[in-house]
Amino acid sequence: MPRPALRTAHATTLLSFALPVGVGVMFLLGWHAAVRISGSDLFPTPVEVGRGLLELARQGLLLKYVVASLFRVSWGFALAVAVGVPAGLLLGWYSRGFQAFNPMIQIFRPISPIAWIPVAILWFGVTDAAPIFLIFLASVFPITVSSIAAVQNMQPVYLRAAQNFGLSRGELFRQVILRASLPQIITGIRIALGVAWLVVVAAEMIAVNSGLGYLIIDARNAGKRYDLVVAGMVMIGVIGLVLDLLVRQLEKFDEVRWGYARR
Amino acid sequence: MMEPGNVQRSTPNVQRSNAEGASSLDVGRWTLDVERSSERAAIFIRDVSLTFPGKRLGDEIAVLDHVSARVAKGEFVCLVGPSGCGKSTLLNIVGGFLTASSGEVLVEGQPVHGPDPRRIFVFQENGVFPWLNVRDNVGFGLRGKSKEEREKTIAHYIAMVGLTGFEDAYPRELSGGMRQRVEIARALAANPDIIYMDEPFGALDFITRLKMRADLVRIWQAEKKTILFVTHDIEEAVQLADRVLIMSKRPATIQQVVEIDLARPRDLDSPRYLEKRDEIFRIMGMSLRVGETLSV
Ligand SMILES: Nc1ncnc2c1ncn2[C@@H]1O[C@H](COP(=O)(O)OP(=O)(O)O)[C@@H](O)[C@H]1O
Ligand SMILES: [Mg+2]
């Protein structure tokens, strides 16, 4: 079939919007039909989930739980960035340090944060510190590892140019090493944020009594309210998407855009 | 001014004592050269050898074999030779990014101990910082200067390389030729005495390359810098240089030096130009029948 010779930018934008919306609508319809056909009285239809969300919002619980989860993620994640980026830059730069610490990092890294839950409860009790610790653990490794790789993969020509201009150590670090690594560090941060969000929900299922993870477990235990269970899941998904979109905005700055493949 | 005795004392190394042992006449010649170089030569390369250690013992790659050369102040010298012969290696030693296995390099009469902002390198793989726009790249070597002076210098050199209007553009938005212009402007803005260039136009298309060469010669005439320019392209060398140093295959020495005493701007189909070009082709042992514009 011949393609239209001139596709306006407007039409392209419209299409890029219409396609995912279309898939979403199909999914909701399919979901609805599946519940109706199976005749399940426990699993909710999309409409019932929507009503559940409204109910939570009216009670003020929706906002409260979202804020509680975001609060924990913010702290755990901020700590991970504060530790992981400088550590990664240093280990990426000093190969002796890398040799010394890398095996330890590689041993800790594959341990799922879920496995740390008993330890977190032991150390921090049922306080906010426990999920924050778990989120920290989950995100500090991807951030550190990508920061290390960012420095190690830096094109040597930038370093040599900088040396040629007689930069001091501090200037070299701030103006060249950090700048050259930033795109890859941001990618690491984006991946880590996804993992952090994954983990907060899991952590809240066990250790605390607020947040979206708690909502899911609580709705299930207190009266099999599966509409609220799924409502919690929907919120997790939507907020995860929003977080990712937000971090992606970082990749649009001129200072880092060069580091990503052209799209 | 340096005294011969001074020079000898300031440059004790194995290579030197070997040379002295071999022939006292040699020493005399070198001393004379160094003495003269302290007045005139911007770059003085003496008996430089370099061997890269191989992966295993006995795998060493001898790249440079007693290379000696000199570049006068304000001179435009091209270094040509077959690919992989050690041109970049030699330039990196002169630029202070590599240390020779033996021999010495004096720049402005001083031994080289690493890169120096008074001599700026223009890299084969383009060393413009992609996270800075054109303005900040060109101003990179001006960190100590006042704001007004910075701005004036930046504007001056951006105009000189013909990039006025692109101050806020980022390297990824520029063509390869424009990026190379940014790097040249950045080098010039730092006001070095010497510019080292390692095949700076190698990645550009033919027309852009011709244009860049013409602009480089114009800039060099205006700025009176010393330029040591590495290329594997014989035509390029004849178009640009006052003198062409021809390197042999690895392990490389300077095989011959050809003076290009042609007035600038150079006429690329004048018999004198073609004569020089063909002379270098012959020295490098290449048949001229393959094609008139063949480059190595
Ligand atoms: N760091 C290195 N270690 C080992 N061998 C090297 C290294 N750098 C260059 N070489 C070798 O030295 C030779 C000269 O390289 P180079 O100076 O880059 O040549 P060119 O004349 O093309 O610029 C090549 O054979 C190359 O493989
Ligand atoms: Mg080279």
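Owing to the predicted nature of the structure, the values given are computational and were not obtained by experimental measurement. (Residues numbered from 1 in each chain as written. Chains lettered and ligands numbered in written order. Predicted model: local features only at pLDDT ≥ 70, side-chain atom pairs only at ≥ 80, totals over all residues. Heavy atoms only, no water.)

**As for the sheet that holds strand β1 (residues 41–52) of chain B**
Residues and elements named next belong to chain B.
Item 1. Pairing is antiparallel across the open sheet formed by four strands, whose spatial order is β2-β1-β4-β5. Only two strands of the sheet have a single partner each, and these edge strands are β2 (61–72) and β5 (110–111).
Item 2. In this sheet, strand β4 (residues 102–107) lies alongside β1 in antiparallel orientation, the contact comprising five bridges. Note on β4: the bridge partner recorded for Ile-43 is Val-107.
Item 3. Here helix α4 (residues 87–95) sits on the sheet and contacts β1, β2 and β4; the angle it forms with β1, its principal contact strand, is near 120 degrees. (Pairing = 2+ DSSP bridges. Helix = DSSP H or I, 4+ residues; strand = E, 2+ residues; numbered from the N terminus. Contact = heavy atoms within 4.5 Å. Axes fitted to C-alpha atoms, helices over the stretch in contact; angles between N-to-C directions.)

**Some words on the domain arrangement of chain A**
All names here are of chain A.
Item 1. Domain boundaries assigned for chain A yield domain 1 (1–41) and domain 2 (44–257).
Item 2. Placing a centre on the C-alpha atoms of domain 1 and another on those of domain 2 gives a separation of 31 Å.
Item 3. Taken residue by residue, the interface counts five residues in domain 1 and six residues in domain 2.
Item 4. Across the domain 1/domain 2 interface, buried area totals approximately 450 Å², and carbon plus sulfur atoms make up 78% of it.
Item 5. The three residues of domain 1 that bury the most area against domain 2 are Trp-31, His-32 and Val-35, which together make up 82% of that side's buried surface.
Item 6. Counting across the domain 1 and domain 2 interface gives zero salt bridges.
Item 7. Linking domain 1 with domain 2 are one residue pair in polar contact (both at pLDDT 80 or more).
Item 8. Here the side of domain 1 that touches domain 2 is built from residues that sort into three nonpolar, one polar and one charged. (Domains from an automatic or database assignment. Buried area = accessible area lost by both parts, 1.4 Å probe. Salt bridge = Lys/Arg side-chain N within 4 Å of Asp/Glu carboxyl O. Polar contact = N/O pair within 3.5 Å; in protein donor to acceptor, adjacent residues only side chain to side chain. Nonpolar A, V, L, I, M, F, W, Y, C, P; charged D, E, K, R; others polar.)

**Digging into the pattern of salt bridges**
Item 1. One pass over the structure, following the stated rule, counts 30 salt bridges over all chains.
Item 2. The partner of A:Glu171 in a salt bridge is B:Arg143, and the shortest N-O contact between them spans 3.0 Å. Taken as a pair, A:Glu171 in helix α8 (residues 169–207) and B:Arg143 in the loop between α5 (134–138) and α6 (147–160) lie in two separate chains rather than in one.
Item 3. A relative accessible area of 29% places B:Arg143 in the partly exposed class.
Item 4. For B:Asp59, the salt bridge identified is with B:Arg56, shortest N-O distance 3.4 Å. (Buried < 20%, exposed > 50% of the residue type's maximum accessible area, 1.4 Å probe, protein only.)

**Digging into the interface of chain B and chain A**
Item 1. Taken residue by residue, the interface counts 24 residues in chain B and 20 residues in chain A.
Item 2. Regarding the contact of chain B and chain A, the summed buried area is about 2200 Å², with carbon and sulfur atoms giving 61% of it.
Item 3. It is B:Trp131, B:Arg143 and B:Arg172 that lose the most area in chain B upon contact with chain A, and together they represent 37% of the buried surface on that side.
Item 4. Our count for the chain B to chain A interface comes out at eight residue pairs in polar contact (both at pLDDT 80 or more).
Item 5. No other element matches the three residues that strand β6 (residues 119–122) of chain B contributes to the side of chain B that touches chain A.
Item 6. Grouping the constituent residues of the side of chain B that touches chain A by class yields 14 nonpolar, four polar and six charged.

**Structural notes on the site of ligand 1**
Residue and element names in this part refer to chain B.
Item 1. Looking at ligand 1, the residues that line it are Phe-52, Ile-61, Val-63, Ser-83, Gly-84, Cys-85, Gly-86, Lys-87, Ser-88, Thr-89 and Arg-250.
Item 2. Backbone polar atom of Gly-84 to an oxygen atom of ligand 1: 2.7 Å apart, as the coordinates give it.
Item 3. Protein chains bury 61% of the 560 Å² of accessible surface belonging to ligand 1 in isolation.
Item 4. Looking at the shell around ligand 1, the elements with two or more residues in it are β2 and α4.
Item 5. The element contributing the most residues to the shell around ligand 1 is α4, with three residues.
Item 6. Its residues placed into classes, the shell around ligand 1 shows four nonpolar, five polar and two charged. (Near = heavy atom within 4 Å. Areas by Shrake-Rupley, 256 points an atom, 1.4 Å probe, with all protein chains shown as cover.)

**Some points on the packing of aromatic side chains**
Item 1. Evaluation of the coordinates by the stated rule reveals 20 aromatic pairs over all chains.
Item 2. Ring centres 5.6 Å apart and planes at 80 degrees place the aromatic pair A:Phe165 and B:Phe140 in the edge-to-face group. You can see A:Phe165 sitting in the loop between α7 (156–164) and α8 and its partner B:Phe140 sitting in the loop between α5 and α6, one on each of two chains.
Item 3. In this structure B:Phe140 comes out as buried when scored by relative accessible area, which is 5%.
Item 4. One aromatic cluster is present, built from ring pairs that chain together A:Tyr158, A:Phe165, A:Trp258, B:Phe129, B:Trp131 and B:Phe140.
Item 5. Its end group placed over the ring of B:Phe140, B:Arg143 keeps NZ or CZ at 5.8 Å from the ring centre. (Phe/Tyr/Trp six-rings, centres within 6.5 Å; stacked < 30°, edge-to-face > 60°. Lys NZ or Arg CZ within 6 Å of the ring centre and 35° of its normal.)

**Points about the confidence of the model for chain B**
Item 1. Averaged over all residues, the pLDDT of chain B is 85; the fraction at 70 or higher stands at 83%.
Item 2. Across the interface, the model reports ipTM at 0.83; the global pTM reads 0.83. (pLDDT = per-residue confidence, 0-100.)

**Thoughts on the nonpolar core**
Item 1. Counting residues in hydrophobic clusters, the biggest one holds 153 residues, and the most contacted among them are B:Ile43, B:Leu64 and B:Ile280.
Item 2. No other element matches α8(A), which puts 14 residues into this core. (Core = buried A, V, L, I, M, F, W, Y, C linked by side-chain atoms within 4.5 Å.)

**What to know about the sheet that holds strand β3 (residues 76–80) of chain B**
Residues and elements named next belong to chain B.
Item 1. Strand order across the open sheet formed by six strands is β6-β7-β8-β3-β9-β10, with mixed pairing between neighbours. Unpaired on one side and paired on the other, β6 and β10 (254–259) mark the two borders of the sheet. When the angles between neighbouring strand axes are averaged without regard to direction, this sheet yields 15 degrees.
Item 2. Relative to the sheet, α4 contacts β3, β6, β7 (194–198), β8 (226–231) and β9 (243–247), its axis offset from that of β7 by approximately 155 degrees.

**Observations regarding helix α10 (residues 271–283) of chain B**
Residues and elements named next belong to chain B.
Item 1. In a regular helix each residue adds 1.5 Å, so 13 residues correspond to 18 Å; α10 covers 18 Å between its end C-alpha atoms and thus fits that length.
Item 2. Those residues of α10 lying buried are Tyr-273, Lys-276, Arg-277, Asp-278, Ile-280, Phe-281 and Ile-283.
Item 3. Contacts made by the buried residues of α10 are with β3, α9 (234–240), β9 and β10.
Item 4. Where α10 ends, the next residue or the one after it, Gly-285, has phi of about 75 degrees, a positive value. (Expected span 1.5 Å × (residues − 1).)

**Some points on the UniProt feature "transmembrane region" (unreviewed entry) in chain A**
Item 1. Under the UniProt annotation, "transmembrane region" (unreviewed entry) lies at residues 12–34, 73–95, 107–126, 132–151, 191–216 and 228–247 of chain A.
Item 2. Helix makes up 50% of residues 107–126 of chain A and strand 0%. Its end C-alpha atoms lie 27 Å apart. (UniProt positions renumbered as here; feature names shortened; annotations may be inferred.)

**Focus on a nonpolar patch on the surface**
Residue and element names in this part refer to chain A.
Item 1. Taken together, Phe-17, Val-21, Val-25 and Leu-29 make up a surface patch of nonpolar side chains, about 400 Å² in accessible area.
Item 2. On the secondary structure map, Phe-17 appears in helix α1 (residues 9–38).
Item 3. A relative accessible area of 59% places Phe-17 in the exposed class. (Patch = residues over 30% accessible without salt bridge, like charges linked within 9 Å, V, L, I, M, F, W, Y side chains within 5 Å.)

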